[in-house]
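Observations on the three-dimensional arrangement
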Amino acid sequence: MTDASGLIDPSLFPKQSNALGLEWAEEQARFSRSTGQRVAESVQGVHSAWSRLPEDYRAPEAGDLYRVMDPELGAALREQERFLDAARYLDDYVDEIGAVKQRLANLEVEAATFRARVRAANPGGVTTMQLQELVTVGQNQDLITRARQVFAVIDEAEQRCARRIKALDEQVAPVPWGLGPALTGRTGLFSSTGALSHMGSSSVAQFAPTRAILDGSASEVREWWDTLTPEQRAALVAAMPMMIGNLNGVPVKFRADANRINLATEINRLEAEKARIETELRIAAMASRFSSARGQYVPDLRLAMEVDRLQAAIDSYEQYRGLDTAQEQYDRNGLPVDPSRTTVELVAFDPTSSSIATYHGPYDENGDVPDWVDNVAVHVPGTTTRMDDFNEIDADVYNLYDAANRIKSAGSTAVFAWAGGEFPQNIPEAASASYSRDLGPKLRDFVHAIDVHPDSTLTAEAHSYGSAVLGIAESEGLRVDRVMYVAGAGLGNDNTSVQDFPYTKDVPHYTQMARRDGVVGLIQGADAGELGHGASALRDPEVTRLETGYLNAANPSEGDIESTGVFESHSSVYTKGSTAFNNIVGVITGTRVELYAKDEVLVAGGKLYNIDGIDAEGYEARYLDVE
């Protein structure tokens, strides 16, 4: 976008506003829509005529004869759906590009005017050095940034449309007579216009990772990555998004870039599957009109429920692409930066392995966690975690990130949320250690791949079943600076104490759990083969227990964590502003936490009474500086 001196030059823009013609896309959309309608109407006409034959024709083979048209009607309706989907995708593309086209035109004029003014003020030529000395360098950079944003919108719209159309099961016939490019997965949606630069696998084979690299450590992957040019990295992200988006050792920003593609692909897949089932339901309803059981049709409840499930997953994933409420981001001085975060940074996303991870924090010039970030934390959730319903977990983690960065004495903080595989979905499943055995080594590898500066602290924090996963990760060689178990199921199957952990046995460990926790409170220390999750962190002398306290630490009159109930208190420890929440933030930031207040046992009238420590007479909070 700039000349050799670094000065913006609109003539070098990769696309010009007057070349963003949309007539061909509009014509393709009209053609697809009308063709789909003609196909469906033609077959429906034949089917309707055929279905009237029973009134005049009866024979032993009549039933088979009449049924022969049913599959053809279904195929025609599915073909219509494909044409209509293609038209809808093109309509969306036209709307998106139309909205940004004027922005680009205005920017071209503004950039040309600015360029002419700078060149007029420097008749001897604008060298790179001179440009840096100009008072207008900020304006130049602002124009470049705005141009990149415009083209990012255009590229995303093009690629989204291309991916959605390629996801259709069959080719949609191109318009003849040169009205536009062929809408086929083989040629690429925008091949004839050059708008989409598609790089096939053969083009990246010469610098793609070898099997040895893929099977190697995160540090070996990073060594390979550092040998690539910016162009090669971008090509790999585009050509191999699933690999790059989930490869430990690739900087987190590039993983997020790749997973934006993976997210869009999964949404398209879900939408296509939902459309297929809806078509199946419509065909069944239509077929019933011509059957002897007409009027008795009842939709397949199983299929209807599946449609609802798919729509819920689509809605969840769409929130990753556009948050309902923008989220603050913070710089090295703890100040909010502009703009706020409006999308979720997915640093792992693989539906085939139920793997998802998000990142809250800044990037440096290499796409890593900046070396000025003082505290890095990784949160591991618990039972019922699913990648298509990760929103609430990510919202809790954002609250931790936001609260940590508001503690000015703590420095800056970045937080990951990680669910790198399948979690148990109910209490019976949660008794099994098989999930934690599988997830523990994956957590270790993910954490070790994070590029944390030697002067920064790294904290692993886990909730419920996630604590069992964290314990297995520790026994498998996890290296972190601090560990916190929140309402943890245990230290991990077969682990008897933190002294079992090779690299973390001497690092500070913290835990907290609501009194009378009805989810994991009764299974502490239970282990029977592959059932149970090892010793209890609450009873390990090497683990410091913290107080769960009040729902609003600033106003104890609103009640304590226990007041939410024996089951709800298991999760209400993440209530923003609560004592428990503040303790998690304190461990992550290495600041101050509140120690557990031991309960009191009183004898009155021959009966024993247990009084919560925070309700005991003369209770005073005791605090501890985190190591």
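Residues numbered from 1 in each chain as written. Predicted model: local features only at pLDDT ≥ 70, side-chain atom pairs only at ≥ 80, totals over all residues. Heavy atoms only, no water.

Moving on, we come to the overall build of the protein chain. Looking only at helices and strands, the protein chain has 17 helices and 14 strands in total. Looking at the 627 residues of the protein chain, the share that counts as buried comes to 48%. By sequence separation, contacts in the protein chain at least 24 residues apart represent 71% of the contacts at least 6 residues apart. Roughly 29700 Å² of accessible area belongs to the protein chain as shown, and the carbon and sulfur atoms make up 52% of that amount. (Helix = DSSP H or I, 4+ residues; strand = E, 2+ residues; numbered from the N terminus. Buried < 20%, exposed > 50% of the residue type's maximum accessible area, 1.4 Å probe, protein only. Contact = heavy atoms within 4.5 Å. Areas by Shrake-Rupley, 256 points an atom, 1.4 Å probe, with all protein chains shown as cover.)

Here we come to helix H12 (residues 301–321). For H12, built from 21 residues, the straight-helix expectation of 30 Å at 1.5 Å per residue is met to within 8% by its first-to-last C-alpha distance of 31 Å. Of all the residues in H12, the buried ones are Leu 303, Val 307, Leu 310, Ala 313, Ile 314, Ser 316, Tyr 317 and Tyr 320. (Expected span 1.5 Å × (residues − 1).)

Residue-level pLDDT values for the protein chain average 84, and 84% of them are 70 or greater. For residues 169–202, every residue scores under 50 in pLDDT, and the model assigns this stretch 63 contacts once sequence neighbours within four places are set aside. (pLDDT = per-residue confidence, 0-100.)

Turning our eyes to something else, we now look at the pattern of salt bridges. Taken as a whole, this structure holds 31 salt bridges when the rule is applied. Asp 9 serves as the salt-bridge partner of Arg 115, at 3.8 Å between the closest nitrogen and oxygen. Here Arg 115 is found in helix H3 (residues 70–121), whereas its partner Asp 9 is found in the segment before helix H1 (23–51), with 106 residues between them in sequence. Look at Asp 9 and you get buried, because its relative accessible area is 12%. Measuring nitrogen to oxygen at the nearest pair gives 3.1 Å for the salt bridge that ties Lys 15 to Asp 155. Of this pair, Lys 15 sits in the segment before H1 while Asp 155 sits in helix H5 (residues 137–166); the two residues are 140 residues apart in sequence, bridging distant segments of the chain. In this structure Lys 15 comes out as buried when scored by relative accessible area, which is 16%. What emerges from the salt-bridge pattern is a single network uniting Lys 253, Asp 257, Arg 260 and Glu 345. (Salt bridge = Lys/Arg side-chain N within 4 Å of Asp/Glu carboxyl O.)

Turning our eyes to something else, we now look at unusual backbone geometry. A negative phi angle characterises most non-glycine residues, just as the trans form characterises most peptide bonds. The omega torsion across Asp 338 and Pro 339 is 5°, close enough to zero to call that bond cis. Summarising the element assignment, Pro 339 is placed in the loop between H12 and strand E1 (345–350). Unlike most non-glycine residues, Thr 384 shows phi in positive territory, near 80°. In this fold, Thr 384 is placed in the loop between strand E3 (375–380) and helix H13 (391–405). Classification of Thr 384 by relative accessible area gives partly exposed; the value is 46%. Positive phi, normally seen in glycine, also occurs at Asp 494, with a value near 75°. With relative accessibility at 51%, the residue Asp 494 sits in the exposed group.

Further remarks concern the sheet that holds strand E10 (residues 543–545). The 8 strands lie next to each other as E1-E2-E4-E3-E5-E6-E7-E10, forming an open sheet whose pairing is mixed. The two strands at the open ends of the sheet, each matched to only one other strand, are E1 and E10. Averaged over all pairs of adjacent strands, the angle between their axes in this sheet comes to 15°, without regard to strand direction. In the sheet, strand E5 (residues 457–463) pairs with strand E6 (residues 482–486) via 5 bridges, with the strands oriented parallel. The partner of Thr 459 across the bridge, within E6, is Arg 482. (Pairing = 2+ DSSP bridges. Axes fitted to C-alpha atoms, helices over the stretch in contact; angles between N-to-C directions.)

The geometry of a pair of packed helices is captured by two quantities: the angle between their axes and the separation between those axes. Across the interface, H13 lies against helix H17 (residues 579–589) with an axial gap of 10 Å and an inter-helix angle of 65°. As far as their axial angle goes, H17 and H13 are roughly perpendicular. At the point where H13 passes H17, the crossing takes the right-handed sense. Contacts from Asn 399, Leu 400, Ala 403 and Ala 404 in H13 reach Phe 581, Ile 584, Val 585, Ile 588 and Thr 589 in H17. Broken down by class, the residue content of the contact of H13 with H17 amounts to 7 nonpolar, 2 polar and no charged. (Parallel < 35°, antiparallel > 145°, perpendicular 65-115°, else oblique. Left-handed = near helix turned anticlockwise from the far one by under 90°. Nonpolar A, V, L, I, M, F, W, Y, C, P; charged D, E, K, R; others polar.)

Another aspect to go through is the packing of aromatic side chains. Summed over the entire model, instances satisfying the criterion amount to 12 aromatic pairs. Residues Tyr 359 and Tyr 363 carry aromatic rings whose centres are separated by 5.5 Å and whose planes lie at 35° to one another, so their mutual orientation is tilted. Given a relative accessible area of 24%, Tyr 363 falls into the partly exposed group. Ring centres of Tyr 398 and Tyr 401 lie 6.3 Å apart, and the angle between their planes is 45°; on these two criteria the pair is classed as tilted. One end of the pair is Tyr 398 and the other is Tyr 401, both in helix H13 and 3 residues apart, which spans about a single turn. Note on accessibility: Tyr 398 and Tyr 401 belong to one class, buried. Of note, Arg 479 hangs over the ring of Tyr 503, and the distance from its end group to the ring centre comes to 3.5 Å. (Phe/Tyr/Trp six-rings, centres within 6.5 Å; stacked < 30°, edge-to-face > 60°. Lys NZ or Arg CZ within 6 Å of the ring centre and 35° of its normal.)

Here we take up the pairing of E3. When you tally the buried positions in E3, you get 6 out of 6 residues, the bulk of the element. Here E3 shows a buried face lined by Asn 375, Ala 377 and His 379 and a second buried face lined by Val 376, Val 378 and Val 380. Of the pairings in the sheet, the one linking E3 to strand E4 (residues 413–420) comprises 5 bridges and is parallel in character. Its bridge partner being in E4, Val 376 is matched across the sheet by Ala 414. Bridge count between E3 and E5: 6 bridges; the pairing is parallel. Bridging from a neighbouring strand, His 379 pairs with Glu 461 of E5.

The next thing to look at is the packing of helix H15 (residues 434–449) against helix H16 (residues 465–475). At a closest axis distance of 7 Å, the pairing of H15 and H16 adopts a crossing angle of 60°. The pairing of H15 with H16 is recorded here as oblique in orientation. In terms of crossing hand, the pair formed by H15 and H16 is right-handed. On the side of H15, the interface is formed by Ser 434, Tyr 435, Ser 436, Arg 437, Leu 439, Gly 440, Pro 441, Leu 443 and Arg 444, while H16 contributes Tyr 465, Ala 468, Val 469, Leu 470, Ile 472 and Ala 473. In terms of residue class, the contact of H15 with H16 is built from 10 nonpolar, 3 polar and 2 charged.

The next subject is a nonpolar patch on the surface. Together, Val 601, Val 603 and Leu 608 line one region of the surface with nonpolar side chains, adding up to about 330 Å² of accessible area. As for its position among the elements, Val 601 is in strand E12 (residues 600–604). (Patch = residues over 30% accessible without salt bridge, like charges linked within 9 Å, V, L, I, M, F, W, Y side chains within 5 Å.)

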